[in-house]
Each structure stands twice: as C-alpha cells, then as structure tokens.
Amino acid sequence: MKLLHLNMYKKINYIVAVMTLLASVTVKAQVTSQSPYSRYGLGNVKGLLLPQFRAMGGISTAIYKPNTFYSNINMQNPASYSGITMTTVDIGMSGGFKQLKKDNLTEGSFNSTLSHIALAFPIKAGRTGLSFGLLPYTDLGYEFSNTGKLDGDTNTVSRLYSGEGGLTKAYMGLGQQFGDHFRVGVNVEYVFGNLVENRALELQSVAAVNTKQQDKNSVGGIGFSYGAQYEIPLSAKSRITLGYSGSSPSTINSKKTFVVTRYVRQNTGDEGTAIDTPAFVENGSAKLKLPLVHNFGIAIQRDNKWLIGADFRTGNWSKLSIDGVNKGLEDSWGASVGGQLTPDMTSIGSYFNRVDYRLGFTYDKTYIKVVNQDIKQMAVTFGLGLPLAFNRFAFHKLNLTTELGRRGTVSNGLVQENYINIHLGFTLNDTWFRRFKFD
C-alpha cells in the first residue's frame, strides 16, 4: 500500500511540475503567432479544444464519450466530465506554418509552443467528474508598417505597428449526470496574461526624433462557462447526443500601462535609447468585458466504432470593451462538422484497426471587418489517435492533428493568411486510486 501511495504521489508531483513549467512559459512567452489580424480584439481566439477534437473540425459541444475504453477531457462542455471513468492526463504542444499574401508579396513564418495540460478525475465513475487545467485563450503577434507623408509636410514618414502577448485560461470544472440521460457542468476560469501593442512614427532622417506609444493591458480575473447534454438512446450501443455550452459575459480586471517615448534611430537601424518620456501612466485600473458565447451541437455515434457530429456557435463580440471603450468588432458565427472512425478497437492482429481516424471541416465569419469586408476563416482538419500501450488499468494514446486553413482575402488590398497548424497531444488514462485486495 505504501508503494501504491508513493507511485501516486510521484505522478501528482510530476504533473504539478509540468503545470508550473507550462504556466511560466505561457506567462513569459511573447510571440506565438504572426498574424496581422491578431491586432483586433484580444488577438486570435484559440478555443478550449484538445487535438482530438480539433481533428474533427472542432466539434465538441455534444461529445460525451467517443468510446467506452478510455476518457477524453472535453472542457468545451463541462457536462461531459461526468463520463470520466479513469484518471486522465492530457499534455500537448502546437506548431504552425503561416504564409501571408498581399498583392504579389508573400511572407512565411513558423511558430511553436507548449499548448495545454489538463487533468480529470472521476468522483463517482460515470456520474460525477472533476477537471482542471491550463490552455491558451488568445494569442497576439503582429508587426507591419506603412509609409507616407504627413499633411502639409514633404518629409516621408513610416508608421510602425507591432503587438505581442496573449491570454491564458486556467480552469476548474465539475460535471454531474442526473438520471440516465441528462448531464450538466460548469467551469470556473481564471483569465490572465499581457496584451502589449506599440505604435511608432518615424522620419526617414537618421538624426530625426521619433515617437513611440505603447499600450499594455495586464489581465487577471474570473469568468464562467457552463454546459448541458441530453442523450437519446437508439440501441444498446448507439445514441444521439444533443449539447449546449456557453460562456458568461464576464467583466474582469486589467491593469493598464501607457507610455510615450521619443528616440533617435541608430545607424544600425535599431531603435535607440529613449531621449525622454513625455507621458507615462502605470497600472491604471481598467475593466475588460468579455462577450457572451453560445455553442450548440449534435452527435450520433456507435460505441467504439464511429462518431459524426456538427456544431454551431455564435459570439457577441460587438460588446467587447476595454476600459469602457468598445473595440469595434462584429458579432461572429461559425459551424463545424466532423467525425471519427475506429475499425476494430479490440483487434490483436492489426495495429491500424485500433487507430482512431478523424476528419472535419470548420468555417467562421470572424468578428473582424476591414474596409467594409467581413474576414472569414475556414479549414480542413484531419488526424489520428495512435494507441501506445494499454492494460486493464491504463490506456495511453498519442493524438496527432493537422489543420489546413485560410483566413482573409487578397482583394481590396487585404492580407490573406494560409496556414498549416500541427497539434500533438499525449493522453494518459490510468486508475490511480484503485484498491488492491490481498488474500
């Protein structure tokens, strides 16, 4: 028994160490994206999705248990936590190749980061489950410039824009099943991070005095999300699940820092040391108002064989404001379809029969509107769930997902983003708190 407790404590200590590392990397990392569209709102919104759900186009609202052998953590709908039957740990990372196109110009980039860690425990297996974890919520990363002349001046000037940072969500949630077919759940979420944006006005002359303005919002506050699912049995092994989840329009705290500096650019082209600071406001109190979000989903499945589903979502992003200032965004909506096929989960002779094959498609009218044109995003997704090891007490799986997508357009002088995102997640299902009987 002492050995059992020792092994359990080692696992918990390892996971706590990984969460601490991930939290520190998330807080300190500055640029995990290079997207001109991330300058709008809070940056690019990531969504609370693990790789196994992204591979199916992001369907998740009505997903409960894709199979009966192992558990997945679906924090998009906390009602699903009630189906957790084993201690579940999910750790992953993400990387992306991006190509920006404007007119006849193209530019490429690659970024990667640790993406998530999530844990779930059955309180009462099949009835009540608890989950907590850490995931990216938004990322901010862009840098661009334009050149022109000031009114009434013949000097050429450059306007430089850049941004970095992002927000992270740490959550804890509980899911509960009532009766045989109805489930509800709630997440308490702590949203934190830094959003830093810079604007500079530079004259072409090397000796000219230039001006730079920096706005920094340090965010930290509590939000809530919730969900429900209702199951309609079709047979002993087939079912339809209806789901709903949403996020409350929370108001969270932010500390706002505003700095204006003047500097002379060096001969090397680098920004020189500030000559003076005409304006400086540090840690001014501000409020960040998050939008109300709705998700609706349906899924049809045959246990341990196949699953197909669809999600529809809306976001009231036109209400987003920072320090009482509306950010000028549009309400968003989107839809996803996808599914998973497992030929034979119990196959002994063929490893590939035990693999989960996933495919999906997602489309969004984002909250961004530029030069009177809606910015839309779409992607084809696919992935594999690769079994690594299993016994009667543990199941391990590697989830690999690829997204091939596009956002924006090259018309009207806008920028089109073509991207390939790769997500990698390791899922461990184990029975940590089992009791052994001795004769």
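Residues numbered from 1 in each chain as written. Predicted model: local features only at pLDDT ≥ 70, side-chain atom pairs only at ≥ 80, totals over all residues. Heavy atoms only, no water.

**What about the overall build of the chain?**
No. 1: Helix and strand counts for the chain stand at 2 helices and 19 strands.
No. 2: Counting all 439 residues of the chain, 47% fall into the buried class.
No. 3: Restricting the contact set of the chain to residue pairs at least 6 apart, pairs at least 24 apart contribute 66%. (Helix = DSSP H or I, 4+ residues; strand = E, 2+ residues; numbered from the N terminus. Buried < 20%, exposed > 50% of the residue type's maximum accessible area, 1.4 Å probe, protein only. Contact = heavy atoms within 4.5 Å.)

**A short note on the pairing of strand β12 (residues 306-315)**
No. 1: In β12, alternate side chains face the same way, and those of L307, G309, D311, R313 and G315 are buried while those of W306, I308, A310, F312 and T314 on the opposite face are not.
No. 2: Of the pairings in the sheet, the one linking strand β11 (residues 293-302) to β12 comprises 10 bridges and is antiparallel in character. In the sheet register, G297 faces β12, and the bridge partner there is D311.
No. 3: Pairing analysis gives 10 bridges linking β12 to strand β15 (residues 332-341), with the strands arranged antiparallel. Its bridge partner being in β15, F312 is matched across the sheet by A335. (Pairing = 2+ DSSP bridges.)

**A word on the packing of aromatic side chains**
No. 1: The full count for this structure, using the stated rule, is 11 aromatic pairs.
No. 2: Seen in terms of ring centroids, F144 and Y161 are 5.2 Å apart; in terms of plane orientation they differ by 20 degrees. Their pairing is stacked. Residue F144 is located in strand β4 (residues 128-149), and its partner Y161 is located in strand β5 (residues 156-178); the two are separated by 17 residues in the primary sequence.
No. 3: Overall, F144 belongs to the partly exposed group, its relative accessible area being 27%.
No. 4: Here Y161 falls in the buried class, since its relative accessible area comes to 18%.
No. 5: Every member of this aromatic cluster is reached through a ring pair, and the members are Y142, F144 and Y161.
No. 6: For the cation-ring pair, R39 lies above Y161, with the distance from its terminal atom to the ring centre recorded as 5.4 Å.
No. 7: When the ring centre of Y137 is taken as origin, the NZ or CZ atom of K169, which lies over that ring, is 4.3 Å away. (Phe/Tyr/Trp six-rings, centres within 6.5 Å; stacked < 30°, edge-to-face > 60°. Lys NZ or Arg CZ within 6 Å of the ring centre and 35° of its normal.)

**What about the confidence of the model for the chain?**
No. 1: Confidence in the prediction of the chain, expressed as mean pLDDT, is 86, and 86% of residues score 70 or more.
No. 2: Note on residues 1-6: pLDDT is under 50 here. Beyond four places in sequence and across chains, it has 3 contacts.
No. 3: Across residues 14-31, confidence stays below pLDDT 50; counting only partners more than four residues off in sequence or on other chains, it has 26 contacts. (pLDDT = per-residue confidence, 0-100.)

**Re the nonpolar core**
No. 1: Membership of the largest hydrophobic core comes to 24 residues, with the highest contact counts inside it found for L42, L167, L288 and L290.
No. 2: Elements represented by at least two residues in this core include exactly β4, β5, β6 (182-203) and β16 (356-370).
No. 3: Counting residues in each nonpolar core, the second largest holds 18 residues, with L48, F53, A120 and Y171 among its members. (Core = buried A, V, L, I, M, F, W, Y, C linked by side-chain atoms within 4.5 Å.)

**Observations regarding the pairing of β5**
No. 1: Sheet topology note: the β4/β5 ladder contains 21 bridges and is antiparallel. Within β5, the position partnered with S131 by the bridge is G173.
No. 2: In sequence, β5 turns back onto β6 through a hairpin of 3 residues, with G179 there showing a positive phi of about 70 degrees.

**Here's the deal with the side chain of N217**
No. 1: Turning to its location among the elements, N217 is positioned in strand β7 (residues 209-233).
No. 2: A polar side-chain atom of N217 sits 3.2 Å from a polar atom in the side chain of S254.
No. 3: For N217, the residues in contact, after removing those within four places along its chain, are G193, N194, L195, S254, K255, K256 and I322. (Polar contact = N/O pair within 3.5 Å; in protein donor to acceptor, adjacent residues only side chain to side chain.)

**Brief notes about unusual backbone geometry**
No. 1: One non-glycine residue, N304, lies in positive phi territory at about 65 degrees.
No. 2: Tracing the backbone shows N304 in the loop between β11 and β12.
No. 3: Judged by its relative accessible area of 18%, N304 falls in the buried class.
No. 4: Within the chain, N412 stands out as a residue other than glycine whose phi angle is a positive 60 degrees.
No. 5: By secondary structure assignment, the location of N412 is in the loop between β18 (394-408) and β19 (416-430).

**What to know about the environment of Y37**
No. 1: Counting through the fold element by element, Y37 comes out in the loop between α1 (2-28) and β1 (44-45).
No. 2: Residues Y37 and V415 lie 378 residues apart in sequence; the distance between their C-alpha atoms is 8.6 Å.
No. 3: Beyond its immediate chain neighbours, meaning those up to four positions away, Y37 contacts N44, I368, I375, R407, G408, T409, L414, V415 and E417.

**Describing the environment of F280**
No. 1: In this fold, F280 is placed in strand β10 (residues 274-289).
No. 2: The spacing of F280 and T257 is 23 residues in sequence and 7.6 Å in space, taken between C-alpha atoms.
No. 3: Those residues in contact with F280 that sit more than four places away from it in its chain are T257, F258 and V259.

**As for the pattern of salt bridges**
No. 1: Scanning the model with the defined rule gives 12 salt bridges in all.
No. 2: Linking R262 and D276 is a salt bridge whose minimum nitrogen-to-oxygen distance equals 2.9 Å. Remark: D276 occurs in strand β10 and R262 occurs in strand β9 (residues 251-264); sequence separation between them is 14 residues.
No. 3: With a closest N to O distance of 2.6 Å, K397 and D356 form a salt bridge. With K397 in strand β18 and D356 in strand β16, this pair connects stretches of sequence that are 41 residues apart.
No. 4: You can call K397 buried: its relative accessible area is 7%. (Salt bridge = Lys/Arg side-chain N within 4 Å of Asp/Glu carboxyl O.)

**Regarding the side chain of D364**
No. 1: In this structure, D364 sits in strand β16.
No. 2: Of the polar contacts made by the side chain of D364, one reaches the side chain of R313; its length is 3.0 Å.

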